[in-house]
Amino acid sequence: MKEISLAIKAVMDEVNGVAKNMTVGSGSNSYKWVSDKDVKQAIRESMIKNWLSVLPTGITSKVQIDRWEEDDTYNKQPPYPKKTKQSIFTEVETKYILLHTSGESLELCGYGQGVDTQDKGAGKATTYALKNTLLNMFLIPTGVDTDDTHSDDLPVPQKKEYQKNDDNDKPWFNEPQLEGLEKVISKYTTPDEAIKEAMVKYKVSKPMQQNIRNLF
């Protein structure tokens, strides 16, 4: 495995890092993100130069679909009509083969998750899996840790007594909030702790609570 090992080392020498240039979300729910495009652009040229290629060879997926009803408040007056919402959570385990022109090869494994309201969950999950496989294979740093950034930016929740009708004024906890929570999930010790904090600012449906539990 000498030739492929030398090629991997050469890529590690040439690609020193990939910056987190994307900002997802806004306000306290925003976070820095490394885009799939930036990772592939940073690594592709060096892999070509060093006679390396990577091909997908297998995928195992799990899909969970949650549906619920919530008030449709858009341009409407109370009593609000109900509308049906759904969240599709896709989890994938992937396999790849890293090839070198010498004939040597290595099998690689990846893991990814994706949440979407329609049919994009699988694409998000497989993109995430390949991106992180490439970053981890070549030990490429991506700048400041996302969890650290989020912990500094998030305000400390204040203890507050809520009346029962206060919940009607809260927005629903949906896919953008779930994706933001996934990036800071390591700061929570239990799913109940994460759900409790989310419910301070949002209405969290039972299916979405289960989605939060699936992050642990």
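Residues numbered from 1 in each chain as written. Predicted model: local features only at pLDDT ≥ 70, side-chain atom pairs only at ≥ 80, totals over all residues. Heavy atoms only, no water.

**Student:** Which residues make up the overall build of the protein, and what values go with them?
**Tutor:** Regarding its fold elements, the protein presents 7 helices and 5 strands. Helices and strands in the protein line up, N terminus first, as α-β-β-α-β-β-β-α-α-α-α-α. Long-range contacts, defined as pairs at least 24 residues apart, comprise 67% of the intrachain contacts of the protein with a sequence gap of at least 6. Working note: accessible area of the protein is about 13200 Å², and carbon and sulfur atoms make up 52% of it. (Helix = DSSP H or I, 4+ residues; strand = E, 2+ residues; numbered from the N terminus. Contact = heavy atoms within 4.5 Å. Areas by Shrake-Rupley, 256 points an atom, 1.4 Å probe, with all protein chains shown as cover.)

**Student:** Explain the packing of aromatic side chains to me, using residue names and the numbers behind them.
**Tutor:** Tallying each qualifying case throughout the model produces 1 aromatic pair. With a centroid separation of 5.7 Å and an interplanar angle of 85 degrees, the aromatic rings of phenylalanine 173 and tyrosine 202 are classed as edge-to-face. Of the two residues, phenylalanine 173 is situated in the loop between α4 (146–153) and α5 (175–183) and tyrosine 202 in the loop between α6 (191–201) and α7 (206–213); the sequence distance between them amounts to 29 residues. Across the pair, exposure class does not vary: phenylalanine 173 and tyrosine 202 are buried alike. (Phe/Tyr/Trp six-rings, centres within 6.5 Å; stacked < 30°, edge-to-face > 60°. Buried < 20%, exposed > 50% of the residue type's maximum accessible area, 1.4 Å probe, protein only.)

**Student:** Pulling in residues and values, what's your account of the pairing of strand β4 (residues 82–100)?
**Tutor:** Of the strand pairs in this sheet, strand β3 (residues 52–71) and β4 are connected by 19 bridges, and their pairing is antiparallel. Within β4, the residue paired with proline 56 across the bridge is tyrosine 96. Between β4 and strand β5 (residues 105–116), which pair antiparallel one after the other, the connecting turn spans 4 residues, and glycine 103 there sits at a positive phi close to 100 degrees. (Pairing = 2+ DSSP bridges.)

**Student:** Hey, could you go over the pairing of β5 for me, with residue numbers and the actual values?
**Tutor:** In the sheet, β4 pairs with β5 via 12 bridges, with the strands oriented antiparallel. Paired with threonine 94 across the strands is glycine 110, a residue of β5.

**Student:** Could you give me a rundown of the packing of α5 against α7, with the residues and numbers involved?
**Tutor:** Put simply, α5 and α7 touch, their axes get as near as 11 Å, and they point 20 degrees apart. Between α5 and α7, the angle falls in the class roughly parallel. Both α5 and α7 take part in a crossing whose hand is right-handed. Along the contact surface, α5 presents Glu175, Leu178 and Leu181, while α7 presents Met208, Asn211 and Ile212. When the residues that make up the contact of α5 with α7 are grouped by side-chain class, the tally is 4 nonpolar, 1 polar and 1 charged. (Axes fitted to C-alpha atoms, helices over the stretch in contact; angles between N-to-C directions. Parallel < 35°, antiparallel > 145°, perpendicular 65-115°, else oblique. Left-handed = near helix turned anticlockwise from the far one by under 90°. Nonpolar A, V, L, I, M, F, W, Y, C, P; charged D, E, K, R; others polar.)

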